[in-house]
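Each chain is listed here by its residues.
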Amino acid sequence: MNGIGFQGASLKGVHFVEAKCFGSDFRNADLTNSRFPLCCDLKEADFTNALLDQANLMEADLTGARLSGAKLQMVNLIKAKCRDADFTGAVAIRAMLSKADFTGACLRGVNLMEANLGKARLVNTDLSDANLYAAEVMRSVIGNTKFSGANLSKTKIANREGI
């Protein structure tokens, strides 16, 4: 399924079993409640402006993926690989992002209100202008992380040693 075009498609509740969607195009697609079972390959996929509310991408590989403007409310990205991914302007309210790797990722202007980033890796990550109101960032690996202009009100932050 590499490089497949799903732009604008209605894919609500679809289960992408053992999918290899490297470089696939999901722009403006509705993936509400969809499932990408463990270790799904979504490297360099384009989810720009896609609707991924309540989708399960647990342990998915989103390295280099584009998710700018995506709707990710209550999405499950636990243990996902999001290295060098672009989430600019995405809405990820109450998202489950614990243990995810955001090394080198751009989360500029992302709404992460009440999101769980516990034990996430946020090294060389740009969180400028992000809304982290009441988010949990406990025991995360933080290093060379940009928080300029971010809303950190009521956010719980504790840096884990050993970056």
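Residues numbered from 1 in each chain as written. Predicted model: local features only at pLDDT ≥ 70, side-chain atom pairs only at ≥ 80, totals over all residues. Heavy atoms only, no water.

> Would you mind going over the packing of aromatic side chains with me for this structure?
Any two aromatic rings considered together are summarised by their centre-to-centre distance and by the angle between their planes. Per the counting criterion, the structure on display carries 8 aromatic pairs. Arranged with centres 6.0 Å apart and planes meeting at 85°, the rings of Phe6 and Phe16 form a pair that is edge-to-face. Of the two residues, Phe6 is situated in the segment before β1 (121-123) and Phe16 in the segment before β1; the sequence distance between them amounts to 10 residues. Judged by centre distance (5.0 Å) and plane angle (15°), the rings of Phe6 and Phe26 are stacked. Here Phe26 lies in the segment before β1 and Phe6 lies in the segment before β1, a separation of 20 residues in the sequence. Note on Phe26: relative accessible area 0%, which makes it buried. Of the aromatic side chains, those joined through ring pairs into one cluster are Phe6, Phe16, Phe26, Phe36 and Phe47. (Phe/Tyr/Trp six-rings, centres within 6.5 Å; stacked < 30°, edge-to-face > 60°. Helix = DSSP H or I, 4+ residues; strand = E, 2+ residues; numbered from the N terminus. Buried < 20%, exposed > 50% of the residue type's maximum accessible area, 1.4 Å probe, protein only.)

> Explanation requested: the confidence of the model for the chain in the structure shown.
If pLDDT is low for a region, its predicted coordinates should not be looked at in detail. Per-residue confidence for the chain averages 95 on the pLDDT scale, and 98% of its residues sit at or above 70. Put simply, strand β3 (residues 156-159) is where the chain has its lowest mean pLDDT, 86, and β1 is where it has its highest, 97. (pLDDT = per-residue confidence, 0-100.)

> How should the environment of Ile142 be read in this particular structure?
Within the fold, Ile142 resides in strand β2 (residues 136-143). Its relative accessible area of 13% is what places Ile142 among the buried residues. Remark: the alpha-carbon pair of Ile142 and Ala120, spanning 22 residues in sequence, is separated by 8.5 Å.

> Whenever I open this one, the sheet that holds β2 confuses me. Can you help?
Strands belonging to one sheet form pairs held by backbone hydrogen bonds; the direction of such a pair is parallel or antiparallel. Strand order across the open sheet formed by 3 strands is β1-β2-β3, with parallel pairing between neighbours. What marks the edges here is a single partner per strand, and that holds for β1 and β3. The mean angle between the axes of side-by-side strands here comes to 40°, regardless of whether they run parallel or antiparallel. Looking at chain direction, β2 and β3 are connected through 3 bridges and run parallel. Residue pairing for β3: Glu136 is matched across the bridge by Lys156. (Pairing = 2+ DSSP bridges. Axes fitted to C-alpha atoms, helices over the stretch in contact; angles between N-to-C directions.)

> Can you help me understand empty space enclosed by the protein in this one?
Empty space among the atoms becomes visible once a probe the size of a water molecule is rolled across them. What the rule picks out here adds up to 1 cavity of 30 Å³ or more. What the largest cavity holds in volume is close to 40 Å³. Contributing to the lining of the largest cavity are Leu72, Leu77, Phe87, Ala92, Leu97, Phe102, Leu107, Val110 and Leu112. For the lining of the largest cavity, the residue count by class is 9 nonpolar, no polar and no charged. (1 Å grid on protein atoms, 1.4 Å probe; cavity = no way out; pocket = protein on both sides within 12 Å on 5 of 7 lines; lining within 4 Å. Points joined across faces, edges and corners; volume = space filled by probe spheres on them. Nonpolar A, V, L, I, M, F, W, Y, C, P; charged D, E, K, R; others polar.)

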